[in-house]
Structures are given as structure tokens and as C-alpha cells.
Amino acid sequence: MEIRAAVTREAGRFSIEAVDLDEPLADEVLVRLVATGMCHTDLVALDQHMPYPLPAILGHEGVGVVERVGPQASRVRAGDHVVLSFAACGHCPTCQAGRPAYCQTARQLNLAVRRPDGRCAHHAAGQPVSAGFFGQSSFASHALVRERDAVRVRGDVPLAALAPLGCSVQTGAGGVLNVLKPSAGSSIAVFGLGAVGLSAVMAARLAGCGRIIAIDLHGTRLDMAAGFGATDLIKVDDTSSAARVQTLVAGGVDFAVDATGVPAVMAEAVAATHRTGTSLMLGLPPPTVKVPLDAGLLLGGRTIRASIEGDSVPGLFIPQLVELQRTGQLPFERMCKVYPLDAINEAVRDCRDGSTIKPIITMDAA
Ligand SMILES: [Zn+2]
Ligand SMILES: [Zn+2]
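Rules behind the numbers
Residues numbered from 1 in each chain as written. Chains lettered and ligands numbered in written order. Predicted model: local features only at pLDDT ≥ 70, side-chain atom pairs only at ≥ 80, totals over all residues. Heavy atoms only, no water. Salt bridge = Lys/Arg side-chain N within 4 Å of Asp/Glu carboxyl O. Helix = DSSP H or I, 4+ residues; strand = E, 2+ residues; numbered from the N terminus. Donors = N, O, S within 2.8 Å, 3.2 Å for Na, K, Ca; no water. Tetrahedral: all angles 85-135°; square planar, octahedral: opposite > 155°, others 65-115°. Buried < 20%, exposed > 50% of the residue type's maximum accessible area, 1.4 Å probe, protein only.

**Comments concerning the pattern of salt bridges**
Any two side chains of opposite charge can pair, given that their charged atoms come close.
And step 1. Within this structure, the stated rule accounts for 21 salt bridges.
And step 2. Among the salt bridges present, the one from D342 reaches R4, with a minimum N-O distance of 2.8 Å. With a gap of 338 residues between them, D342 in the loop between strand 17 (336-340) and helix 10 (344-352) and R4 in strand 1 (residues 2-8) connect regions that are remote in the sequence.
And step 3. For D311, the salt bridge identified is with R99, shortest N-O distance 3.2 Å. Here D311 is found in the loop between strand 16 (303-306) and helix 9 (314-326), whereas its partner R99 is found in the loop between helix 2 (93-96) and helix 3 (106-110), with 212 residues between them in sequence.

**Some thoughts on the coordination of the zinc ion (ligand 2)**
And step 1. Coordination of the zinc ion (ligand 2) by the protein is provided by C39 (SG), H60 (NE2) and C167 (SG), with metal-donor distances spanning 2.1 to 2.2 Å.
And step 2. For the zinc ion (ligand 2), all donor residues lie on one chain, and their spacing in sequence is C-x20-H-x106-C. Taken together, the residues H60 in the loop between strand 4 (56-57) and strand 5 (62-69) and C167 in the loop between strand 10 (150-153) and helix 4 (168-180) connect sequence positions 107 residues apart.

**Quick look at the coordination of the zinc ion (ligand 1)**
And step 1. For the zinc ion (ligand 1), every protein donor is listed as C89 (SG), C92 (SG), C95 (SG) and C103 (SG), and the spread of their distances is 2.3 to 2.4 Å.
And step 2. The coordination sphere of the zinc ion (ligand 1) comprises four donor atoms, whose angles at the metal cover 105 to 117°; the geometry is tetrahedral.
And step 3. Each donor residue of the zinc ion (ligand 1) belongs to the same chain, with the gaps between them written as C-x2-C-x2-C-x7-C. With respect to burial, C95 and C103 carry one shared label: buried.

Without other data, these values stay purely geometric and don't point to any function.
The following block contains the structure:
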């Protein structure tokens, strides 16, 4: 069938093209996408800082309606509303232990460019197009995904608003609710107020944290954090943010979250915790980068933890997040701005200059 897709042929740009897409095989399902969130990792791949062979279709926060299913698919049916999430095999020891974000084949599955049988499902002008980014490649009118990576959600909630659940909201909210599990009244500092950090702020409020300190360079993001429940705001300046956190909570906070992936900020997050506090790294710097940590911080009983995708089991966690959004307890739709597929390059521009926190690309035919 012919679909419309944002194809990346050169670093930094999308072009909207007609693409031929094969029918679903085996456990694949064909999803008619309603919307797809734009996430930082899309931009990293768009700029080719993360190698992903071009031409390619990116996008990994898709939501849509199942249109057809492959002969071995049994968990979802045509007409189901689904939120697409990251890919995991489902049967390695780590997946069986309920930790699919750390699936032993996560890298191969999430950076796949072809189907497991080696064939490409997408072609443009007769040439193969890489697809399968995070199991999705959802900057398109349709995507082929494995059914286990499509999470069925209730059909009476507007789908487009749910797009960021598949990655960034799941990461930020999951980091707090699944990993840190703060007790009511505890203190938390969140460094970096993009979609992940703001989701962490919302989750901290849900968990009943008493002090929620939000830290960023931009006043508009601090204002948004205040609306999501932050009790204290720190606009980054030349002084140490960790020291400023400690003027608000003597000795340091119980929990700190880094949502920047900037090494110096990651070190600040650790330094903001007290001697038995826990810091959680949700941002991803390039793999060989060193984090400049003072050894003195290790003299206490601090815990430093990293998490991918908020340690989520998407099939369980995403429906919970839908309920929280639906009942106004996790109003992440407030940080989103909608762009039609034809305006995807404008969404990239606004995402880069910080004027939009979370672009949602909608797929209605122009
Ligand atoms: Zn696995
Ligand atoms: Zn992402």
C-alpha cells in the first residue's frame, strides 16, 4: 500500500514523500497513525549523531488505530487504539524478569533498519528505506510494528494527546514512580525541564513529595513546572545549582533526577542529594563521555542510579498513565503543541530553539 511519510534523506531534514509499505507478516500489525510525538532521540538520529542508515523514517512516540494484523498476531485486533512503545523481545531473561527496557537485544530491535528476515518493508521510488526505528518509524501515516510493542488503550480518550506516553512521559514519570518511589513528604530536585523532566515533576507531585525543586535555564519552563506542582524554582546561573538546592533543603534532597544528559549537570544532581540520597540519571550523553564526579560525594551512602524508559513495562504502565491523564492528575498535554505532518521541519526548529517542549505531529491527510 502507499503511505505518506517524513523521510530523512540528508542529516537535519525531513521530506514528505509517498512510500510503499508491505503488508503485515507474522506477529506484525499495521497501525494507522493518528499522531507521533517528537523526542530528543529523533533529533539525535536526524542529525546522524546516532548512526541510522539513510534514507530512513524516524519517529518513536506513535499512537493510532490498528488497521490489519499479521497471521500470528493475537493480542490486538483491527480497530484497537494503541500507544506504541519501545521494542523488546519479550523472552530473554531480562524481559522475563519484567525489565524490558534492558532487553538483551534492545539495541538490535530498536535500531533495526529491516525486518528480522532481512527484507525492507518500506520502499520509495523503488529504493529501500530504513524503518523499524524503536520498533516504529512512526513519522508516517502508517507503521508496521510487532504486536507486543503496541499497547492497547481505552478507545474513549483522544489519541493524539497520548503520543508522548510511549517514550518521554513514560521515562520521566516512570523514573519517579517505578524507580525512586518517593514516600510522601520527601524532597526531590529535577534538573532539566524538557518533556522528561516535567513528567518527573508531575509524578513527584502525584507521589506526594513535599519539596519539588525544579531547575532549568529557561523561565518559561520553570513557570510550567510550577503549574505542574514544583514548590521551588531555580533558574540556572553561574553559581552551583546543587549549592542552591542545599540552601532550600539543608543537607540536600532525598532524590535528584537528571533529565539533561549533560555531564556537569549529572554531577550537580548527585551533589544535590544528602549523604543517603538517591540520584537518578534519565538523560543520555554520548557513551564515551565522562561524568566529573567529586570523589567526596562517594564518602556518604549515596545511591546513583540510571534508568532507561523509566524501567517501565509499557503494557502495564501506559494504561495507568492514560488513567492519570484522563483524570487530570498527569496533565502532560499542557506541554505539547500540535503540528501537521507537512510542518514537521517547523516542529524540529521549534524543538531545537526551545519554544516548543513537546511537538506532536498529526497525520491527517493534508
Ligand atoms: Zn528481551
Ligand atoms: Zn524518546
